[in-house]
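The lines below spell out each chain.
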Amino acid sequence: MCIKSRSRVFCALLIAVIFVAFVAVPVVVSVSGRDAKTIVIDAGHGGMDSGVTSASGVKESDIVLLIAKTLGEYLEGGGFKVVLTRKNNSALVGGRFIKKTDMQKRVDIIKKAQPHLVVSLHLNSFSDRDRRGVQVFFGNDLSREFALLAQRVLNEGFNAIDAGRNFSILKADKYILNESPCPAVIIECGFLSNAEDEKNLTEDSYRHRLAEGIYKSILLWSFGEGA
Ligand SMILES: [Zn+2]
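Described in the following lines is the structure provided in the data block. (Residues numbered from 1 in each chain as written. Predicted model: local features only at pLDDT ≥ 70, side-chain atom pairs only at ≥ 80, totals over all residues.)

**Some points on the nonpolar core**
- Ranked by size, the top nonpolar core spans 51 residues in total, and within it Ala150, Val185 and Ile187 carry the most contacts.
- At the level of elements, β1 (38–43), α2 (60–77), β3 (117–124), β4 (135–138), α4 (141–163), α5 (175–179), β6 (184–191) and α7 (204–226) are the ones that each hand at least two residues to this core.
- Ranked by residues supplied to this core, first place goes to α7 with nine residues.
- Residue contacts for valine 185: discarding those within four places in its chain leaves Val119, Val136, Phe137, Phe138, Ser143, Phe146, Ala147 and Ala150. (Core = buried A, V, L, I, M, F, W, Y, C linked by C-beta atoms within 7 Å. Buried ≥ 20, exposed ≤ 12 C-beta atoms within 10 Å, placed from the backbone. Helix = DSSP H or I, 4+ residues; strand = E, 2+ residues; numbered from the N terminus. Contact = placed C-beta atoms within 7 Å.)

Shown next, in the form of C-alpha coordinates:
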(Lines give C-alpha, C1' and ligand atoms only; values in the text may rest on other atoms or scores of the structure.)
Protein backbone atom coordinates (compact mmCIF):
# COMPACT_ATOMS: atom_id res chain seq x y z
CA MET A 1 0.00 0.00 0.00
CA CYS A 2 1.12 3.55 -0.65
CA ILE A 3 0.39 4.68 2.88
CA LYS A 4 3.79 3.62 4.18
CA SER A 5 6.54 6.17 3.64
CA ARG A 6 8.91 3.72 1.95
CA SER A 7 6.12 2.62 -0.36
CA ARG A 8 5.31 6.25 -1.07
CA VAL A 9 8.84 6.87 -2.28
CA PHE A 10 8.66 3.70 -4.37
CA CYS A 11 5.30 4.72 -5.84
CA ALA A 12 6.51 8.26 -6.55
CA LEU A 13 9.57 6.94 -8.37
CA LEU A 14 7.48 4.54 -10.40
CA ILE A 15 4.98 7.23 -11.29
CA ALA A 16 7.78 9.57 -12.34
CA VAL A 17 9.44 6.93 -14.52
CA ILE A 18 6.23 5.81 -16.17
CA PHE A 19 4.95 9.37 -16.67
CA VAL A 20 8.16 10.29 -18.45
CA ALA A 21 8.01 7.13 -20.54
CA PHE A 22 4.31 7.68 -21.24
CA VAL A 23 5.10 10.98 -22.93
CA ALA A 24 8.34 9.88 -24.59
CA VAL A 25 7.98 6.31 -25.87
CA PRO A 26 5.62 3.37 -25.42
CA VAL A 27 6.54 1.41 -22.30
CA VAL A 28 6.63 -2.32 -21.97
CA VAL A 29 6.71 -3.15 -18.29
CA SER A 30 5.84 -6.63 -17.13
CA VAL A 31 4.63 -7.81 -13.75
CA SER A 32 5.75 -11.35 -14.55
CA GLY A 33 7.47 -12.88 -11.58
CA ARG A 34 5.10 -11.16 -9.18
CA ASP A 35 1.82 -12.74 -8.23
CA ALA A 36 -0.30 -12.28 -11.32
CA LYS A 37 -3.32 -10.14 -10.53
CA THR A 38 -6.68 -10.83 -12.17
CA ILE A 39 -8.35 -7.83 -13.77
CA VAL A 40 -11.96 -7.89 -14.96
CA ILE A 41 -12.57 -5.55 -17.88
CA ASP A 42 -16.24 -4.77 -18.37
CA ALA A 43 -17.18 -3.33 -21.74
CA GLY A 44 -20.45 -1.58 -20.96
CA HIS A 45 -23.71 -2.32 -22.78
CA GLY A 46 -23.88 -4.69 -25.81
CA GLY A 47 -26.56 -6.37 -27.90
CA MET A 48 -29.73 -4.29 -28.15
CA ASP A 49 -28.33 -1.95 -25.50
CA SER A 50 -25.91 0.22 -27.45
CA GLY A 51 -25.54 2.84 -24.71
CA VAL A 52 -25.15 6.41 -25.95
CA THR A 53 -24.96 7.07 -29.69
CA SER A 54 -23.33 10.06 -31.41
CA ALA A 55 -25.12 12.27 -33.93
CA SER A 56 -23.36 10.36 -36.71
CA GLY A 57 -24.33 6.96 -35.31
CA VAL A 58 -21.20 5.89 -33.41
CA LYS A 59 -22.28 3.52 -30.64
CA GLU A 60 -20.83 3.43 -27.14
CA SER A 61 -21.11 -0.39 -27.01
CA ASP A 62 -18.91 -0.79 -30.12
CA ILE A 63 -16.19 1.64 -29.02
CA VAL A 64 -15.84 0.40 -25.44
CA LEU A 65 -15.56 -3.21 -26.67
CA LEU A 66 -12.60 -2.21 -28.86
CA ILE A 67 -10.93 -0.37 -25.97
CA ALA A 68 -11.60 -3.34 -23.65
CA LYS A 69 -9.95 -5.80 -26.04
CA THR A 70 -6.90 -3.58 -26.49
CA LEU A 71 -6.60 -3.02 -22.74
CA GLY A 72 -6.84 -6.79 -22.28
CA GLU A 73 -3.94 -7.28 -24.69
CA TYR A 74 -1.81 -4.74 -22.81
CA LEU A 75 -2.60 -6.41 -19.49
CA GLU A 76 -1.93 -9.95 -20.72
CA GLY A 77 1.34 -8.70 -22.23
CA GLY A 78 2.21 -7.34 -18.78
CA GLY A 79 1.55 -10.65 -17.06
CA PHE A 80 -1.94 -9.98 -15.70
CA LYS A 81 -4.82 -12.44 -15.90
CA VAL A 82 -7.71 -10.86 -17.78
CA VAL A 83 -11.41 -11.63 -17.75
CA LEU A 84 -13.68 -9.76 -20.17
CA THR A 85 -17.38 -9.62 -19.29
CA ARG A 86 -18.12 -9.66 -23.03
CA LYS A 87 -15.94 -10.44 -26.03
CA ASN A 88 -18.33 -9.49 -28.82
CA ASN A 89 -21.32 -7.29 -29.49
CA SER A 90 -23.91 -9.81 -28.38
CA ALA A 91 -25.88 -9.27 -25.21
CA LEU A 92 -24.69 -11.15 -22.14
CA VAL A 93 -28.09 -12.73 -21.66
CA GLY A 94 -30.21 -14.28 -24.44
CA GLY A 95 -33.87 -13.46 -25.07
CA ARG A 96 -35.60 -10.21 -24.21
CA PHE A 97 -33.11 -7.62 -22.99
CA ILE A 98 -33.55 -6.75 -19.33
CA LYS A 99 -30.98 -4.29 -17.96
CA LYS A 100 -31.14 -5.68 -14.44
CA THR A 101 -30.46 -9.23 -15.69
CA ASP A 102 -27.58 -7.96 -17.85
CA MET A 103 -25.98 -6.22 -14.87
CA GLN A 104 -26.52 -9.26 -12.64
CA LYS A 105 -24.70 -11.39 -15.23
CA ARG A 106 -21.73 -8.99 -15.18
CA VAL A 107 -21.57 -9.15 -11.39
CA ASP A 108 -21.80 -12.97 -11.54
CA ILE A 109 -18.76 -13.00 -13.87
CA ILE A 110 -16.89 -10.68 -11.50
CA LYS A 111 -17.65 -12.77 -8.42
CA LYS A 112 -16.65 -15.97 -10.19
CA ALA A 113 -13.34 -14.45 -11.37
CA GLN A 114 -12.46 -13.21 -7.87
CA PRO A 115 -10.43 -10.36 -9.39
CA HIS A 116 -8.14 -7.85 -7.76
CA LEU A 117 -9.64 -4.99 -9.77
CA VAL A 118 -12.67 -4.27 -11.98
CA VAL A 119 -12.53 -1.65 -14.74
CA SER A 120 -15.85 -0.93 -16.40
CA LEU A 121 -15.57 1.06 -19.62
CA HIS A 122 -18.23 3.49 -20.82
CA LEU A 123 -18.66 6.63 -22.91
CA ASN A 124 -20.41 9.79 -21.86
CA SER A 125 -22.86 12.21 -23.45
CA PHE A 126 -23.84 15.67 -22.28
CA SER A 127 -26.09 18.52 -23.36
CA ASP A 128 -23.09 20.90 -23.44
CA ARG A 129 -21.36 19.61 -26.56
CA ASP A 130 -18.11 21.35 -25.61
CA ARG A 131 -17.68 19.02 -22.62
CA ARG A 132 -14.99 16.43 -23.32
CA GLY A 133 -12.46 14.27 -21.50
CA VAL A 134 -11.97 11.08 -19.52
CA GLN A 135 -13.42 10.73 -16.03
CA VAL A 136 -13.18 8.01 -13.37
CA PHE A 137 -16.07 7.05 -11.07
CA PHE A 138 -15.80 4.97 -7.92
CA GLY A 139 -18.30 3.59 -5.43
CA ASN A 140 -16.54 3.05 -2.10
CA ASP A 141 -13.36 3.69 -0.12
CA LEU A 142 -11.88 0.39 -1.32
CA SER A 143 -11.82 1.83 -4.83
CA ARG A 144 -10.72 5.38 -4.10
CA GLU A 145 -6.94 4.80 -4.32
CA PHE A 146 -7.06 3.27 -7.78
CA ALA A 147 -9.64 5.82 -8.95
CA LEU A 148 -7.36 8.69 -7.90
CA LEU A 149 -4.33 7.11 -9.57
CA ALA A 150 -6.16 6.36 -12.82
CA GLN A 151 -7.63 9.86 -12.96
CA ARG A 152 -4.18 11.38 -12.42
CA VAL A 153 -2.67 9.33 -15.27
CA LEU A 154 -5.61 10.15 -17.56
CA ASN A 155 -5.49 13.85 -16.65
CA GLU A 156 -1.77 13.94 -17.52
CA GLY A 157 -2.09 11.99 -20.74
CA PHE A 158 -5.42 13.26 -22.06
CA ASN A 159 -7.52 15.83 -20.21
CA ALA A 160 -4.83 18.45 -19.60
CA ILE A 161 -3.88 18.25 -23.27
CA ASP A 162 -7.20 17.68 -25.04
CA ALA A 163 -9.78 19.21 -22.73
CA GLY A 164 -7.52 21.88 -21.21
CA ARG A 165 -8.65 20.89 -17.72
CA ASN A 166 -8.29 18.12 -15.17
CA PHE A 167 -11.17 16.02 -13.93
CA SER A 168 -11.68 14.91 -10.34
CA ILE A 169 -12.94 11.46 -9.48
CA LEU A 170 -16.64 11.23 -8.68
CA LYS A 171 -18.50 8.89 -6.36
CA ALA A 172 -21.32 7.03 -8.09
CA ASP A 173 -24.06 4.75 -6.80
CA LYS A 174 -23.82 2.03 -9.46
CA TYR A 175 -24.71 -1.63 -9.10
CA ILE A 176 -21.45 -2.93 -10.58
CA LEU A 177 -19.40 -0.70 -8.26
CA ASN A 178 -21.43 -1.56 -5.18
CA GLU A 179 -21.45 -5.30 -5.82
CA SER A 180 -17.80 -5.82 -6.80
CA PRO A 181 -15.87 -7.50 -3.95
CA CYS A 182 -12.67 -5.61 -4.86
CA PRO A 183 -11.67 -2.13 -6.04
CA ALA A 184 -13.88 -1.23 -9.00
CA VAL A 185 -14.17 1.85 -11.18
CA ILE A 186 -16.14 3.04 -14.14
CA ILE A 187 -14.05 4.94 -16.66
CA GLU A 188 -16.06 7.21 -18.93
CA CYS A 189 -13.57 7.28 -21.81
CA GLY A 190 -14.89 10.40 -23.53
CA PHE A 191 -18.01 12.22 -24.67
CA LEU A 192 -19.77 11.03 -27.83
CA SER A 193 -21.64 14.35 -27.72
CA ASN A 194 -18.34 16.16 -28.41
CA ALA A 195 -17.09 16.16 -32.01
CA GLU A 196 -13.37 15.95 -31.13
CA ASP A 197 -13.82 13.14 -28.62
CA GLU A 198 -16.02 11.26 -31.10
CA LYS A 199 -13.41 11.61 -33.86
CA ASN A 200 -10.62 10.46 -31.55
CA LEU A 201 -12.58 7.49 -30.25
CA THR A 202 -13.22 6.20 -33.77
CA GLU A 203 -9.46 6.18 -34.45
CA ASP A 204 -7.50 3.02 -33.71
CA SER A 205 -4.36 4.94 -32.65
CA TYR A 206 -6.25 7.02 -30.08
CA ARG A 207 -8.04 3.98 -28.62
CA HIS A 208 -4.66 2.25 -28.26
CA ARG A 209 -3.22 5.31 -26.51
CA LEU A 210 -6.22 5.37 -24.19
CA ALA A 211 -5.94 1.65 -23.42
CA GLU A 212 -2.23 2.15 -22.78
CA GLY A 213 -2.99 4.98 -20.34
CA ILE A 214 -5.46 2.81 -18.40
CA TYR A 215 -2.98 -0.07 -18.47
CA LYS A 216 -0.27 2.14 -17.00
CA SER A 217 -2.53 3.23 -14.17
CA ILE A 218 -3.26 -0.45 -13.41
CA LEU A 219 0.45 -1.20 -13.52
CA LEU A 220 1.24 1.63 -11.10
CA TRP A 221 -1.55 0.51 -8.77
CA SER A 222 -0.31 -3.06 -8.96
CA PHE A 223 3.21 -2.08 -7.91
CA GLY A 224 1.83 0.07 -5.11
CA GLU A 225 -0.34 -2.80 -3.84
CA GLY A 226 2.61 -5.16 -3.62
CA ALA A 227 5.21 -2.73 -2.27
ZN1 LIG B 1 -22.51 3.49 -20.68
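**Description of the sheet that holds strand β2 (residues 81–84)**
- What the six strands build is an open sheet, ordered β2-β1-β3-β6-β4-β5; its pairing is mixed. The strands lining the two open edges of the sheet, one partner per strand, are β2 and β5 (170–171).
- Bridge analysis of β1 against β2 gives four bridges, and the strand direction is parallel. Within β2, the position partnered with valine 40 by the bridge is valine 83.
- In the packing of α2 onto the sheet, the strands contacted are β1, β2, β3 and β6, and the crossing angle to β3 comes to about 145°.
- Sheet contacts for helix α3 (residues 99–113): β1, β2 and β3; angle to β1, the most-contacted strand, approximately 170°. (Pairing = 2+ DSSP bridges. Axes fitted to C-alpha atoms, helices over the stretch in contact; angles between N-to-C directions.)

**With respect to the pairing of β6**
- Counting buried positions over the eight residues of β6 gives eight, a clear majority of the element.
- Bridge count for β3 against β6 is six bridges, and the pairing is parallel. Note on β6: the bridge partner recorded for histidine 122 is glutamate 188.
- Here β4 runs beside β6; their pairing, made up of four bridges, is antiparallel. Bridge pairing in β6 links phenylalanine 137 to isoleucine 186.

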